[in-house]
Amino acid sequence: MPALRLEVAKQHYATSSLVIGYALCSSLLAVINKFAITKFNYPGLLTALQYLTSALGVWVLGKFGLLHHDPFVFQTAKKFMPAAVVFYLAIFSNTNLLRHANVDTFIVFRSLTPFLVAVADTAFRKQPCPSKLTFFALLTILGGAVGYVATDDGFSLTAYSWALAYMVTITTEMVYIKHMVTNLGLNTWGFVYYNNLLSLMMAPLFWIATGEYADVFTAIGSNSGNLFDPVAFSAVSLSCVFGLLISFFGFAARKAISATAFTVTGVVNKFLTVAINVTIWDKHATPVGLICLLVTLVGGVLYQQSVTGVGNVPSQPKQVAGKTNGDNYEEEDEVKGILGSSRVV
């Protein structure tokens, strides 16, 4: 009996540690990314370094037997490439949004994605119309977002253009992943490995297309700017490390707790992000804007409650691409967050 209690206590401690680790990483990551892009004004290079850290980290941890990921296969990579392109566009627009706007604006537009996903699911995936509670939650999210935009005294066309681009790309990513990528049969770390490695391969194309490579080479040649600044180096390093950490804690927490508990944790994290952002610096919304942001997050809580109820969980595990473990019924919900989990929170 004491041995059983000790085993239960160890399991509880391990689960709590994973959830706390995920909560801290998720809450801090948006603020860290904002700090990194403020000190290191090269969004393409910043995201490429994050992709490199995540892909290399997964490969190294796999070599040491600390995790298992699917091996890189060219045919699978070809099938995965469209999803990786959409992901890259989402992260690229996300980074530029944080470059031109505050963290609160990012959270508002990130919180709007359930509204667009619900519309896209109904229109393109022929899913049933949302329930009354879900519809009310979506309207609450939309109302809070509209109120935030209307009271934003820091409004700029550039920032909101990137916000719209981010919202469209992240919504497309979510719908596309649910529609297609789950059929590839990759495990969770396989998704992370493929996605970050393919995104890293695409990075040079975006450097050339945006002309950022010229700015980077100029900074290297003149040894000026913030390319080699110690604060910028620390901020970028922290961003890359947290990108890998959130992948680890996110996937480990998904396995340790239910999908509903994980979803609620994700919603709470956004409240923590707002609190941290308001506390540590002045790059945040006005009081009225913060109230509208909180309304949006409350809508998010109601939305998550409406879509993670008991009635939404299948009675039998769903087999996905040959998998047979009992967690497969969560696969679609899990994959929604996989590709963006390293940097989109």
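As the structure is a prediction and not an experimental result, all values here were calculated from the model.

## Here we look at helix 8 (residues 188-210)
Across its 23 residues, helix 8 extends 32 Å between first and last C-alpha, which sits within 8% of the 33 Å expected from 1.5 Å per residue. Along its length, helix 8 shows its largest kink, about 35°, at Met-202, and proline Pro-204 lies within four residues downstream of that point. Immediately downstream of helix 8, the backbone of Gly-211 shows phi near 80°, a positive value.

## A closer look at the nonpolar core
Where a protein is soluble and globular, its nonpolar side chains tend to be buried together. By size, the foremost hydrophobic cluster in this structure holds 44 residues, and its most contacted members are Phe-40, Phe-106, Ile-107, Phe-109, Tyr-148 and Leu-293. Take this core: its biggest share by element is 7 residues, from helix 7 (residues 157-179). Every residue in contact with Tyr-148, bar those within four places of it in the chain, is listed here: Asn-102, Asp-104, Thr-105, Val-108, Tyr-160, Ala-285, Gly-289, Cys-292 and Leu-293. Judged by nonpolar contacts, the second largest core, of 15 residues, contains Phe-80, Ile-91, Phe-92 and Leu-198.

## Some thoughts on the side chain of Asp-70
Take Asp-70: it is sitting in the loop between helix 2 (43-63) and helix 3 (74-100). At 2.7 Å, the side chain of Asp-70 and the backbone nitrogen of Asn-187 are in polar contact. Not counting residues within four places of it along the chain, the set of residues in contact with Asp-70 comprises Leu-186, Asn-187, Gly-190, Tyr-193 and Tyr-194.

## Describing the environment of Val-146
With respect to the helices, strands and loops of the structure, Val-146 is situated in helix 6 (residues 132-150). Assessed through its relative accessible area of 51%, Val-146 is described here as exposed. C-alpha separation for the pair Val-146 and Leu-293, spaced 147 residues apart in sequence, amounts to 9.7 Å.

## Section: the packing of helix 3 against helix 8
Contact pair helix 3 / helix 8: the axes reach a minimum separation of 8 Å and the direction vectors enclose 60°. What the angle tells us is that helix 3 and helix 8 run oblique. Judged by the sense of rotation from one axis to the other, the crossing of helix 3 with helix 8 is right-handed. Counting all contacts with helix 3, which are made through Thr-76, Ala-77, Phe-80, Met-81, Ala-83, Ala-84, Val-85, Phe-87, Tyr-88, Leu-89 and Phe-92, the residues of helix 8 involved are Phe-191, Tyr-194, Asn-195, Leu-198, Ser-199, Met-202, Ala-203, Phe-206 and Thr-210. Looking at the contact of helix 3 with helix 8 residue by residue, the classes come out as 16 nonpolar, 4 polar and no charged.

Conventions adopted
Residues numbered from 1 in each chain as written. Predicted model: local features only at pLDDT ≥ 70, side-chain atom pairs only at ≥ 80, totals over all residues. Heavy atoms only, no water. Helix = DSSP H or I, 4+ residues; strand = E, 2+ residues; numbered from the N terminus. Expected span 1.5 Å × (residues − 1). Bend = angle between axes of the 7 residues up to and from the residue. Core = buried A, V, L, I, M, F, W, Y, C linked by side-chain atoms within 4.5 Å. Buried < 20%, exposed > 50% of the residue type's maximum accessible area, 1.4 Å probe, protein only. Contact = heavy atoms within 4.5 Å. Polar contact = N/O pair within 3.5 Å; in protein donor to acceptor, adjacent residues only side chain to side chain. Axes fitted to C-alpha atoms, helices over the stretch in contact; angles between N-to-C directions. Parallel < 35°, antiparallel > 145°, perpendicular 65-115°, else oblique. Left-handed = near helix turned anticlockwise from the far one by under 90°. Nonpolar A, V, L, I, M, F, W, Y, C, P; charged D, E, K, R; others polar.

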